[in-house]
Amino acid sequence: MNLWQEYLRPTNLSQAIRAFAEASGPILPIAGGTDLLLDLEQGRHSPVHTLLDVTFIAEMTALEVRGDELFVGAAVPVNRIVLDLLAGAHVQALTEACNLIGGPQVRNVATLGGNVAHALPAADGTIALLALNAQAEVADVSGTRRVPFDELFLGPGKSVLKHGEELLVGFYLPLLKSSQASCFKRIMRPQGVALPIINVAIWLEREKDTIKDIRIAVGPGAATPWRARDSEQVLVGKSIHDETFEAALEILLAHVGFRSSLRRASADYRKHLVRTLFKDTLEAAWNRAE
């Protein structure tokens, strides 16, 4: 039995959006396909008539500086991000996250857009992008628009993107300035399984010996990708020392919504792990910004 009936390769966004409108049955975009093809083959995804290969659309495979931002196309393989010098210089948390997605073979084809489109609350690329204050570019029949990254998600596996109408094009991230840095760390099951138990991404800006600004993302901290905004407020204007860290940690633990998972970890175990992971990630970002 065929997993699909038609396979299209548009070369620009207009062709892709037109293909959505003209499709004679369910249509899905595909780039790496590392999850989608398995889901179709194993019956975990509803039948699809048309696959829309977006890897020939230049806008979606671009990785470049645009003004004071770095643009990363949704169809860029995550290993390309890992190896890219611009990404390494400006969005180090993202390169670290991408370097932990799957194994080497998967990273050569899996894309950042696919990681985000799954709308999972602990997806590595998603957590890094949230801390880095990304904006998503979305295309439809009316053109393209930017969407604040945290507004993309409705719940586990659910996003605001309209299936068969809208296409995730890429992501805009602010370029790094002096005294700014980021870091991503995670704790996972054995490498062969590559399932994250918990991950943390932090972006911060230093002003001498104090934190001028900070963003903290923790996965899975809620039903959607989660920022520890109350902990951020505690840390702004403060120096890094044990008392400040403990205050921020206690607020994080009071607000985070860890859940138990048979395949990954219990909520209590995640609360235990986040103490060390949060501190390690915070100290790494702080030292990098020096």
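Structure's up top.
Colleague: I'd love a proper account of unusual backbone geometry, names of residues and values included.
Modeller: The omega torsion across G219 and P220 is -10°, close enough to zero to call that bond cis. Tracing the sequence through the fold places P220 in the loop between β13 (210-219) and β14 (226-227). One non-glycine residue, A119, adopts positive backbone phi at about 60°. The exposure class assigned to A119 is buried, which follows from its relative accessible area of 0%.

Colleague: Please give an account of the nonpolar core that cites residues and values.
Modeller: By size, the foremost hydrophobic cluster in this structure holds 56 residues, and its most contacted members are M60, I81, L94, L129, F149 and F171. In contact with L129, other than residues within four places in its own chain, are L94, L112, V116, A134, F149, F171 and L173.

Colleague: So what about the layout of surface pockets? Which residues, and what values?
Modeller: Leftover empty space is mapped by rolling, across the atoms, a probe with the size of a water molecule. Space inside the second largest pocket adds up to approximately 350 Å³. Taken together, 25 residues make up the lining of the second largest pocket; nearest its centre are L132, N133, A134, P174 and R215. Looking at the lining of the second largest pocket, the elements with two or more residues in it are α8 (124-131), β7 (143-148) and β10 (167-174). Sort the elements by how many residues they give to the lining of the second largest pocket and β10 lands first, with three residues. Here the residues of the lining of the second largest pocket sort into 13 nonpolar, four polar and eight charged.

Colleague: Any chance you could break down the state of the cysteines for me, citing the residues and the numbers?
Modeller: Each disulfide consists of one covalent bond between the sulfur atoms belonging to two cysteines. Under the criterion given, the structure shown has zero disulfides. We note that C183 lacks a disulfide partner, and the nearest cysteine sulfur, in C98, lies 14 Å from it.

Colleague: Describe the side chain of D140, naming the residues involved and giving the relevant values.
Modeller: Examined against the element boundaries, D140 turns out to sit in strand β6 (residues 135-140). Using a relative accessible area of 18% as the deciding quantity, one classes D140 as buried. Looking at D140, its side chain comes within polar contact range of the side chain of S142, at 2.6 Å. Of note is the side chain of D140, whose polar atom sits 3.4 Å from the side chain of R145. Non-local contacts of D140, meaning those with residues more than four positions away in its chain, are made with I17, R145, E165 and E166.

Colleague: So what's going on with helix α1 (residues 13-22)? Residues and values would help.
Modeller: If you check which residues of α1 are buried, you get L13, A16, I17, A19 and F20. Axial view of α1: buried residues confined to an arc of 150°, hence all on one face. Opposite its buried face, α1 presents the exposed residues S14, A21 and E22, each directed more than 90 degrees away. Those residues of α1 that are buried lie in contact with β1 (6-8), β2 (27-30), β3 (50-53), β6, β7 and β10. Between a side-chain oxygen at the N-terminus of α1 and the backbone nitrogen of S14 the separation is 3.2 Å; the capping residue is N12.

Colleague: Hey, could you go over the pattern of salt bridges for me, with residue numbers and the actual values?
Modeller: This structure, assessed with the given rule, holds 15 salt bridges. Here R146 ties to E69 by a salt bridge, and the two come within 2.8 Å at their closest N and O atoms. In this pair, R146 sits in strand β7 while E69 sits in strand β5 (residues 69-73), placing the two residues 77 residues apart along the sequence. Overall, R146 belongs to the partly exposed group, its relative accessible area being 37%. Across the pair D140 and R145 runs a salt bridge, and its minimum N-O distance is 3.4 Å. It is possible to trace a salt-bridge network through shared partners that takes in E59, E64 and R66.

The rules behind these values
- Residues numbered from 1 in each chain as written.
- Predicted model: local features only at pLDDT ≥ 70, side-chain atom pairs only at ≥ 80, totals over all residues.
- Heavy atoms only, no water.
- Helix = DSSP H or I, 4+ residues; strand = E, 2+ residues; numbered from the N terminus.
- Buried < 20%, exposed > 50% of the residue type's maximum accessible area, 1.4 Å probe, protein only.
- Core = buried A, V, L, I, M, F, W, Y, C linked by side-chain atoms within 4.5 Å.
- Contact = heavy atoms within 4.5 Å.
- 1 Å grid on protein atoms, 1.4 Å probe; cavity = no way out; pocket = protein on both sides within 12 Å on 5 of 7 lines; lining within 4 Å.
- Points joined across faces, edges and corners; volume = space filled by probe spheres on them.
- Nonpolar A, V, L, I, M, F, W, Y, C, P; charged D, E, K, R; others polar.
- Disulfide = S-S within 2.5 Å.
- Polar contact = N/O pair within 3.5 Å; in protein donor to acceptor, adjacent residues only side chain to side chain.
- Arc of directions from axis to C-beta.
- Salt bridge = Lys/Arg side-chain N within 4 Å of Asp/Glu carboxyl O.

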